[in-house]
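The primary structure of each chain is shown beneath.
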Protein chains: 2
Amino acid sequence: MNEPESRNLTWHPEAIEPGARRRLLGQKGCVVWLTGLSGSGKSTIARATEKMLIEAGHAAYVLDGDNLRHGLNGDLGFEPKDRQENIRRVGEVAALFADAGLIALVSLISPYARDRRRARQAAGAGRFLEVFVDADLATCEERDPKGLYRRARAGEIAGFTGIDAPYEAPESPDLVLHSAEQSVEQGAREIVRELSRRGLLEAPPAGEEVR
Amino acid sequence: MNEPESRNLTWHPEAIEPGARRRLLGQKGCVVWLTGLSGSGKSTIARATEKMLIEAGHAAYVLDGDNLRHGLNGDLGFEPKDRQENIRRVGEVAALFADAGLIALVSLISPYARDRRRARQAAGAGRFLEVFVDADLATCEERDPKGLYRRARAGEIAGFTGIDAPYEAPESPDLVLHSAEQSVEQGAREIVRELSRRGLLEAPPAGEEVR
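Quick notes on the rules
- Residues numbered from 1 in each chain as written.
- Chains lettered and ligands numbered in written order.
- Predicted model: local features only at pLDDT ≥ 70, side-chain atom pairs only at ≥ 80, totals over all residues.
- Heavy atoms only, no water.
- Helix = DSSP H or I, 4+ residues; strand = E, 2+ residues; numbered from the N terminus.
- Contact = heavy atoms within 4.5 Å.
- Buried area = accessible area lost by both parts, 1.4 Å probe.
- Salt bridge = Lys/Arg side-chain N within 4 Å of Asp/Glu carboxyl O.
- Polar contact = N/O pair within 3.5 Å; in protein donor to acceptor, adjacent residues only side chain to side chain.
- Nonpolar A, V, L, I, M, F, W, Y, C, P; charged D, E, K, R; others polar.
- Least-squares fit on C-alpha atoms with pLDDT ≥ 70 in both.
- Expected span 1.5 Å × (residues − 1).
- Buried < 20%, exposed > 50% of the residue type's maximum accessible area, 1.4 Å probe, protein only.
- Axes fitted to C-alpha atoms, helices over the stretch in contact; angles between N-to-C directions.
- Parallel < 35°, antiparallel > 145°, perpendicular 65-115°, else oblique.
- Left-handed = near helix turned anticlockwise from the far one by under 90°.

Student: Any chance you could explain the environment of Arg-151 of chain B here in plain terms?
Tutor: Note that Arg-151 of chain B resides in helix H7 (residues 148–153). Apart from the residues lying within four places of it in its own chain, the contact partners of Arg-151 of chain B are Glu-156 and Ile-157 of chain B.

Listed below in structure tokens is the structure:
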């Protein structure tokens, strides 16, 4: 390691061995992408899952679409172009989290299949779980936790998903949660179970080649 | 936890206790921001530090300005406005990583004090280390690992930091590395030592109130 000074910059540390992060954290970094109507329960389920995972010793983190609009995506509005860019950035950031070895729990309406497909591509194969938080519009509208449906019906918000903008339900989601019939805790447990079933909550056996 | 169904959405899991992530990962999430001229050795030192930290059991991750331009910041060019936005986003993402409990190692020329100050604010007090990778222009230009200085001198790149755009050296950096006189390994060791000195590489004592 005592390189001559003139070669300082040519000393490149070996890349981090692919399994190192996974062994360190005892899990495989991945993206859990919760999509669904406003009021379907995405954020609440994401936070419950995060808590459950952390209590079980797993490094997880919620990337909440609403919260990110205060920081990273604070420059974006709600025009279709801006909503698409919002989703693109969250997808890229989630992929970085997964690459770093974390379980990124994304909570974002993300109504278009195309945008979700891009997020899946950013994360990479075997690292992306599309979770459809399926609650019918009537239920979501009755809940209306942020009063947004009321405003959309009153014409104060245009292009609101489910009212005057479409929601493209996932055609083959990795998991479907029926939040009108399930408790938040049940939803979170299903996600944890699915992660476990896919072997994402364990370190690889010593010596095994992993990515 | 067996809430009546009608109250599903009103069940909010308690927030994650502030010390939980820190205890889980045995460290305090933070941002190590390496600033300096092109060719000063930022990326190489960041990667060496990442490797050193991971081998010591710490969750660390390099956010490399160049690499992020392929994904998250792929929509940005090199105009001053775009460079500023590039730095803003990296700062926001690094802050998310720190919030998630990781040590984010950022490698970015970030020539303006104002942009670095914003990144520090995004991360929050006590969570941001400005590391000035100080190498004189002549050294960087001689190294010219990407051939960029040559192109800037030939007039093929305009607004290149150090040639026809300013570099505002940090006035009170948290650490200065002299990459012309130090090996990459020495630089990485200094960063790890500084993180350790600040107590960022340990879990809080049980029961202690932490953020």
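Continuing now.
Student: What should I look at first to understand the interface of chain A and chain B in this one?
Tutor: Quite often, the size of an interface is put as the accessible area lost when its parts meet. Listed as interface residues are 52 residues of chain A and, on the opposing side, 52 residues of chain B. Buried area between chain A and chain B, summed over both chains or domains, comes out near 4200 Å², and the portion from carbon and sulfur atoms is 68%. Viewed at the interface, chain B and chain A are joined by six salt bridges. Across the chain A-chain B interface, the total number found is twelve residue pairs in polar contact (both at pLDDT 80 or more). Contributions of two or more residues to the side of chain A that touches chain B are made by helix H1 (18–25), helix H2 (42–55), strand S2 (60–64), helix H4 (80–99) and helix H8 (184–197) of chain A. Broken down by element, the side of chain A that touches chain B gets its largest block of residues, eight residues, from H4 of chain A. Residue composition of the side of chain A that touches chain B, grouped by class: 25 nonpolar, twelve polar and 15 charged.

Student: Is there a simple way to think about the relation of the copies chain A and chain B in this case?
Tutor: Relating one copy of the chain to the other takes a rotation about an axis and a shift parallel to that axis. It takes a turn of 180° to lay chain A on chain B, together with a shift of 0.0 Å along the axis; the resulting RMSD is 0.0 Å. Considering both components of the superposition, the chain copies are consistent with a two-fold axis. The fraction of interface residues of chain A whose copies in chain B are also interface residues reaches 100%, indicating that both copies meet through the same surface.

Student: Before we go on, may I ask you to explain H4 of chain A in this structure?
Tutor: Since one α-helical turn is 3.6 residues long, residues separated by three or four positions face the same way. Spanning 20 residues, H4 of chain A covers 29 Å between terminal C-alpha atoms, matching the ideal 28 Å at 1.5 Å per step. H4 of chain A sits mainly inside the fold: 15 of its 20 residues count as buried.

Student: Sorry, what's going on with the side chain of Glu-50 of chain B here?
Tutor: With respect to the helices and strands, Glu-50 of chain B occurs in helix H2 (residues 42–55). In terms of polar contacts, Glu-50 of chain B uses its side chain to reach the side chain of Arg-21 of chain A, at 2.6 Å.

Student: Looking at this structure, I do not really get unusual backbone geometry. What am I missing?
Tutor: With the exception of glycine, most residues fall at negative phi, and the peptide bonds are largely trans. All names here are of chain A. Its identity is not glycine, yet Asp-144 carries a phi of approximately 35°, on the positive side. Examined against the element boundaries, Asp-144 turns out to sit in the loop between helix H6 (137–143) and helix H7 (148–153). For Asp-144, a relative accessible area of 16% corresponds to the buried category.

Student: Sorry if this is basic, but what is going on with the packing of helix H4 (residues 80–99) of chain B against helix H5 (residues 113–123) of chain B here?
Tutor: If you want to describe how two helices pack, look at the angle between their axes and the distance between the axes. Residues and elements named next belong to chain B. With their axes 8 Å apart at the nearest point, H4 and H5 run at an angle of 20° to one another. When the axes of H4 and H5 are compared, the pair comes out roughly parallel. Seen along the crossing, H4 lies across H5 with a hand that is right-handed. Contact residues: H4 offers Gln-84, Ile-87, Arg-88, Gly-91, Glu-92 and Ala-95, while H5 offers Arg-114, Asp-115, Arg-118, Ala-119, Ala-122 and Ala-123. Looking at the contact of H4 with H5, its residues break down into five nonpolar, two polar and five charged.

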